[in-house]
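One letter stands for each residue in the lines below.
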Amino acid sequence: MDQALSISFIYFPTTAFCFFTGLLVLGNDHRSRLLQIFFISCLSLALWSFTMGLSIAAPDLSTCLFWRRLGAFGWGPYFALILHLFILMTNNGHWLKRKFSLLLLYLPAVYSVLVYGVLTDLAESTFYLVQTPMGWINIAGSTFWDYLHTAYYLSYSLLAIVIVYRWGRQ
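Everything quoted here is computed from the prediction, not taken from an experiment. (Residues numbered from 1 in each chain as written. Predicted model: local features only at pLDDT ≥ 70, side-chain atom pairs only at ≥ 80, totals over all residues. Heavy atoms only, no water.)

A.B. asks: Help me understand the packing of aromatic side chains, please; the structure alone is not making it clear to me.
C.D. replies: Aromatic ring pairs are defined here through the distance separating the ring centres and the angle between the ring planes. The final tally for this structure, using the stated rule, is 15 aromatic pairs. Geometrically, the ring pair formed by Tyr-111 and Trp-145 is stacked, given 6.1 Å between the ring centres and 25° between the ring planes. On the criterion of sequence distance, the pair formed by Tyr-111 in helix α4 (residues 99–118) and Trp-145 in helix α6 (residues 144–169) is long-range, its members being 34 residues apart. Pairwise contacts between aromatic rings join Trp-48, Tyr-78, Phe-79, Tyr-152, Tyr-153 and Tyr-156 into one cluster. (Phe/Tyr/Trp six-rings, centres within 6.5 Å; stacked < 30°, edge-to-face > 60°. Helix = DSSP H or I, 4+ residues; strand = E, 2+ residues; numbered from the N terminus.)

Written out as structure tokens, the structure is:
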């Protein structure tokens, strides 16, 4: 079996696990805002995993780019969803009472989806896809968009860790 296909197949059980975990948890209380955000974050992760698996084994550059762009709808909002989830989980939801706060929380996710998924010319210039024996990979460049995305996911991840850490100490 081709190496790219072998690696690609690893992503599909991950996709199923994320999707069904989200469904199982949401089934416990579908009205809970916390569980709704958890479910949406699971869907986001499932989409990310599914499209990554397909992009790795894509037969050509345009197919790979298509799956990478579609994957931006998964990995773009994921970090904002996780931060939102942790804010709700730690009973800090009062920070998000105003719609403006939610807009600010999800603004980097919107930019990620637009830049890497929707705006075709920009997406084509931000991905630097190279085919290797192990499948297609993206070599992160040093563009403004790459730096902005790195700042987004690192700051949101660190903030989520700090919020959970502070909650655990209380």
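A.B. asks: Explain the nonpolar core here, please?
C.D. replies: A general feature of soluble globular proteins is that nonpolar side chains tend to end up buried together. With 17 residues, the main nonpolar core has Ala-80, Leu-83, Leu-105, Tyr-106, Tyr-152 and Tyr-156 as its most contacted residues. When residues in this core are grouped by element, the largest group, eight residues, is from helix α3 (residues 61–89). Residues Ala-58, Ala-72, Trp-75 and Tyr-116 belong to the second largest nonpolar core, which totals twelve residues. (Core = buried A, V, L, I, M, F, W, Y, C linked by side-chain atoms within 4.5 Å. Buried < 20%, exposed > 50% of the residue type's maximum accessible area, 1.4 Å probe, protein only.)

A.B. asks: In this structure, what is going on with the side chain of Asp-146? I would like to understand it.
C.D. replies: Looking at the element boundaries, Asp-146 is found in helix α6. Look at Asp-146: it is buried, it has no salt bridge, and the nearest opposite charge is Arg-68 at 10 Å. At 3.3 Å, the side chain of Asp-146 and the side chain of Tyr-116 are in polar contact. Every residue in contact with Asp-146, bar those within four places of it in the chain, is listed here: Tyr-116, Thr-126, Ala-140 and Gly-141. (Lys, Arg positive; Asp, Glu negative; His and termini not counted. Salt bridge = Lys/Arg side-chain N within 4 Å of Asp/Glu carboxyl O. Polar contact = N/O pair within 3.5 Å; in protein donor to acceptor, adjacent residues only side chain to side chain. Contact = heavy atoms within 4.5 Å.)

A.B. asks: Would you mind going over a nonpolar patch on the surface with me for this structure?
C.D. replies: Judged by side-chain polarity, Phe-66, Leu-70, Phe-73, Phe-100, Leu-103, Leu-104, Leu-107, Val-110, Leu-114, Val-118 and Leu-119 come together as a nonpolar surface patch covering roughly 980 Å² of accessible area. Looking at the nonpolar patch, the element that brings in the most residues is α4, giving seven residues. Note that Val-118 resides in helix α4. (Patch = residues over 30% accessible without salt bridge, like charges linked within 9 Å, V, L, I, M, F, W, Y side chains within 5 Å. Areas by Shrake-Rupley, 256 points an atom, 1.4 Å probe, with all protein chains shown as cover.)

A.B. asks: Any chance you could explain the packing of α4 against α6 here in plain terms?
C.D. replies: Axis angle and axis distance: for two packed helices, these are the angle between their axes and the distance between the axes, and together they describe the pair. At their nearest, the axes of α4 and α6 sit 11 Å apart, and the two run at 145° to each other. The way α4 lies across α6 gives a crossing that is left-handed. Along its contact with α4, which presents Leu-104, Leu-105, Pro-108, Ala-109, Tyr-111, Ser-112, Val-115 and Tyr-116, the element α6 presents Trp-145, Asp-146, Leu-148, His-149, Tyr-152 and Tyr-156. (Axes fitted to C-alpha atoms, helices over the stretch in contact; angles between N-to-C directions. Left-handed = near helix turned anticlockwise from the far one by under 90°.)

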